Each structure stands twice: as structure tokens, then as C-alpha cells.
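Observations on the model geometry
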Amino acid sequence: MATTIFTKIIAGEIPCFRVYEDDKVLAFLDISPLSRGHTLVIPKEPAETLDQLSEESAAALGRVLPRLGRAILRATGATAFNILQNNGAIAHQVVMHVHFHVIPKYADGAGLGLQWPARSLGADEGKALAIAIVGQIG
Ligand code: 5GP
């Protein structure tokens, strides 16, 4: 994996506003927040996308996300938040090191804006897709 800005933040070569750290995870404030309290939670393991991450690092991230969510809500006074996790450039990933965005949502609309162009899932399509995905789970 190529070195990214997050590799340098993990190594302490670039400063950040750190809010949490353990042996597998680092969390720090996003430098261009969508809303007050916007935080990035990253594994120390170098992996570009979530599907390439080890189960150990994924578990460590999953363990701490609820705690961080609670802390961010209490610290900001927000009552809602979104978790955003982009994988791949066409999915809006810019920094190619796995990261979870924790983005407080405020009553005035500040936070993550979403487009959700939903369609309905047909029965045949659903059955075939579920079988295909089940067959690919290792
Ligand atoms: P992505 O689009 O890859 O999911 O989001 C990358 C995020 O990293 C963006 O929200 C951006 O503001 C944040 N970011 C990029 N460079 C830095 C940096 O040097 N420091 C911090 N704290 N955040 C950064």
C-alpha cells in the first residue's frame, strides 16, 4: 500500500487533534469537518479499503466506534450522527487508507447530506444476488 497522509499521522510525522488511541486504532478530528465534531477513526494497519482489512483491526474499530459516538455526542451536544465509510475513488474515497467518518448531524442540517436513489428489489434478482453473495463469503 502506498504511503498516505494518514500513515504520516499514525507515525506522528504530521500533527492531528487526537481524540483516541490504542494499539490498533487512532481517532482524530477531520481537518475539513462537515459539522462540529466530525472525527476520523482509522486502523493503524495499512489497508486501502475495508475489504482488505484484517478481522483483528476491523474488530478493534467496531469495538471503539460506539464509545467514540457517545463521546462525540456528549461533547458537541448533537443528538444524532452518521457513520460514513468510503471504499474506492468512485465511492468518494480520497485518502486511500481505511477510515470511518463519525459526523454529528445537527437540527440546522449541518452534517452529512445524502442522496438515496432507492429502487425496489425484484424477487428473482434478490434470490440470485443473495445466493451469489453467500457463495462468496469465506
Ligand atoms: P474520504 O473522502 O477519503 O472518505 O475522506 C478523507 C477525509 O480526510 C476528508 O474528510 C478530509 O478532510 C480528511 N483529511 C485529509 N487530509 C487530512 C489531514 O491531513 N488531517 C486530517 N485531520 N484530516 C484530513
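So, here is what we can say about the structure in this document. (Residues numbered from 1 in each chain as written. Predicted model: local features only at pLDDT ≥ 70, side-chain atom pairs only at ≥ 80, totals over all residues. Heavy atoms only, no water.)

1. Here we look at the sheet that holds strand β1 (residues 18-21)
Across the sheet, five strands lie side by side as β1-β2-β3-β5-β4; this open sheet has antiparallel pairing. The two strands at the open ends of the sheet, each matched to only one other strand, are β1 and β4 (80-84). Averaged over all adjacent pairs, the angle separating strand axes in this sheet is 20 degrees, with direction ignored. For strand β3 (residues 39-43) and strand β5 (residues 100-105), the ladder comprises three bridges, and the chain directions are antiparallel. The residue of β5 that forms the bridge with Leu 40 is His 101. (Pairing = 2+ DSSP bridges. Helix = DSSP H or I, 4+ residues; strand = E, 2+ residues; numbered from the N terminus. Axes fitted to C-alpha atoms, helices over the stretch in contact; angles between N-to-C directions.)

2. Examining the site of the ligand
Residues in contact with the ligand amount to 16 residues; listed here are only the nearest, Asp 30, His 92, Val 94, His 99 and His 101. In this structure, His 92 approaches the ligand through a main-chain N or O atom, which is 2.7 Å from an oxygen atom. In the model, an oxygen atom of the ligand is placed 3.0 Å from a nitrogen or oxygen of the Val 95 main chain. For the shell around the ligand, the elements supplying multiple residues, two or more each, are α1 (5-10) and β2 (25-29). By residue number, the principal contributor to the shell around the ligand is α1, which donates three residues. Each residue belonging to the shell around the ligand can be placed in one class, and the counts come to nine nonpolar, six polar and one charged. (Near = heavy atom within 4 Å. Polar contact = N/O pair within 3.5 Å; in protein donor to acceptor, adjacent residues only side chain to side chain. Nonpolar A, V, L, I, M, F, W, Y, C, P; charged D, E, K, R; others polar.)

3. What to know about the pattern of salt bridges
Pairing between side chains of opposite charge can happen when the charged atoms of each approach one another. Tallied over the entire structure, the rule returns four salt bridges. Salt-bridge contacts for Lys 44 lead to Glu 21; the nearest nitrogen and oxygen are separated by 2.8 Å. Of this pair, Lys 44 sits in the loop between β3 and α2 (55-76) while Glu 21 is found in strand β1, placing the two residues 23 residues apart along the sequence. For Arg 119, the salt bridge identified is with Glu 125, shortest N-O distance 2.9 Å. Using a relative accessible area of 32% as the deciding quantity, one classes Glu 125 as partly exposed. Ionic contacts of the salt-bridge type, sharing partners, join the residues Arg 18, Glu 21 and Lys 44 into one network. (Salt bridge = Lys/Arg side-chain N within 4 Å of Asp/Glu carboxyl O. Buried < 20%, exposed > 50% of the residue type's maximum accessible area, 1.4 Å probe, protein only.)

4. Digging into α2
Taking 1.5 Å of rise per residue, the 22 residues of α2 would be expected to cover 32 Å, and the 31 Å separating its terminal C-alpha atoms lies within 8% of that figure. If you look at α2, its biggest bend is around 30 degrees, right at Leu 65, and the proline Pro 66 turns up within four residues after that. Restricting attention to buried positions, one finds in α2 the residues Ser 57, Ala 60, Leu 61, Val 64, Leu 65, Leu 68, Gly 69, Ile 72 and Thr 76. Buried-residue contacts for α2 involve β1, β2, β3, β4 and β5. (Expected span 1.5 Å × (residues − 1). Bend = angle between axes of the 7 residues up to and from the residue. Contact = heavy atoms within 4.5 Å.)

5. Things to note about the packing of aromatic side chains
Per the counting criterion, the structure on display carries one aromatic pair. Considering the side-chain rings of Phe 6 and Phe 28, the 5.5 Å spacing of their centres and the 80 degrees angle between planes classify their relative orientation as edge-to-face. Taken together, the residues Phe 6 in helix α1 and Phe 28 in strand β2 connect sequence positions 22 residues apart. Neither Phe 6 nor Phe 28 differs from the other in exposure class; each is buried. (Phe/Tyr/Trp six-rings, centres within 6.5 Å; stacked < 30°, edge-to-face > 60°.)

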